[in-house]
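Residue strings, one per chain:
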Amino acid sequence: TDVKPIIFRHMLCYIYGGGIFENDMKENAKDIIEACDKYGVVNLKLEAEACYAKHTTFTVDNVLDNLLYADAKNCALLKEAVMDFIV
């Protein structure tokens with residue numbers, strides 16, 4: 001009940017061999033990461049994480065939140081992108 005229906009639909013479409021449009025991935029990357037982490041859909045989680053890291057603008061205001069999120073969800077790519085911004 002905590003996963004939005006559209007996110008679940010994207011996840012099912014991906015599992016059954018479909019894809020997710022780039023715009024949908026950009027708009028919903030964080031929600032997709034959450035759902036994939038919960039249900040163990042590793043490949044989609046990695047794609048969503050890469051998309052999120054690529055399209056997120058890191059700032060001094062959001063860098064700590066993104067680092068904590070990356071650590072909590074075991075998102076190595078996102079963590080690396082945040083650390084690159086810090087250093």
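Not measured: the values here are computed from a predicted model.

### Describing the overall build of the protein chain
Of regular secondary structure, the protein chain possesses five helices and zero strands. Against the globule reference of 12 Å for 87 residues, the protein chain gives a C-alpha radius of gyration of 13 Å, in line with a compact fold. Across its three principal axes, the protein chain shows a C-alpha extent of roughly 40 × 25 × 20 Å. Evaluated residue by residue, the protein chain yields a buried proportion of 37% over its 87 residues. For the protein chain, the share of sequence-separated contacts (at least 6 apart) that also reach a separation of at least 24 residues comes to 54%. Of the roughly 5700 Å² that the protein chain leaves accessible, carbon and sulfur atoms contribute 56%. In the protein chain, which carries 9 positive and 14 negative side-chain charges, the distance between the mean positions of the two groups comes to 4 Å.

### Examining helix H2 (residues 22–39)
Under the 1.5 Å per step criterion, the end-to-end length of H2 is only 22 Å for 18 residues, more than 12% shorter than the ideal 26 Å. Largest kink in H2: about 75°, centred on asparagine 28. Each element contacted by the buried residues of H2 is listed here: helix H1 (5–15), helix H3 (42–55) and helix H4 (63–72). Trailing H2 by a residue or two, glycine 40 shows a phi angle of about 75°, which is positive.

### Some words on the pattern of salt bridges
Two side chains that carry opposite charge are able to pair once their charged atoms sit near each other. Inspection of the entire model under this criterion finds six salt bridges. Note that aspartate 31 and lysine 4 form a salt bridge whose closest N and O atoms lie 3.0 Å from each other. Of the two residues, aspartate 31 sits in helix H2 while lysine 4 sits in the segment before H1, which places them 27 residues apart along the sequence. With relative accessibility at 29%, the residue aspartate 31 sits in the partly exposed group.

Rules and cut-offs
Residues numbered from 1 in each chain as written. Predicted model: local features only at pLDDT ≥ 70, side-chain atom pairs only at ≥ 80, totals over all residues. Heavy atoms only, no water. Helix = DSSP H or I, 4+ residues; strand = E, 2+ residues; numbered from the N terminus. Rg over C-alpha atoms; globule rule 2.2 N^0.38 Å. Buried < 20%, exposed > 50% of the residue type's maximum accessible area, 1.4 Å probe, protein only. Contact = heavy atoms within 4.5 Å. Areas by Shrake-Rupley, 256 points an atom, 1.4 Å probe, with all protein chains shown as cover. Lys, Arg positive; Asp, Glu negative; His and termini not counted. Charge placed at Lys NZ, Arg CZ, Asp CG, Glu CD. Expected span 1.5 Å × (residues − 1). Bend = angle between axes of the 7 residues up to and from the residue. Salt bridge = Lys/Arg side-chain N within 4 Å of Asp/Glu carboxyl O.

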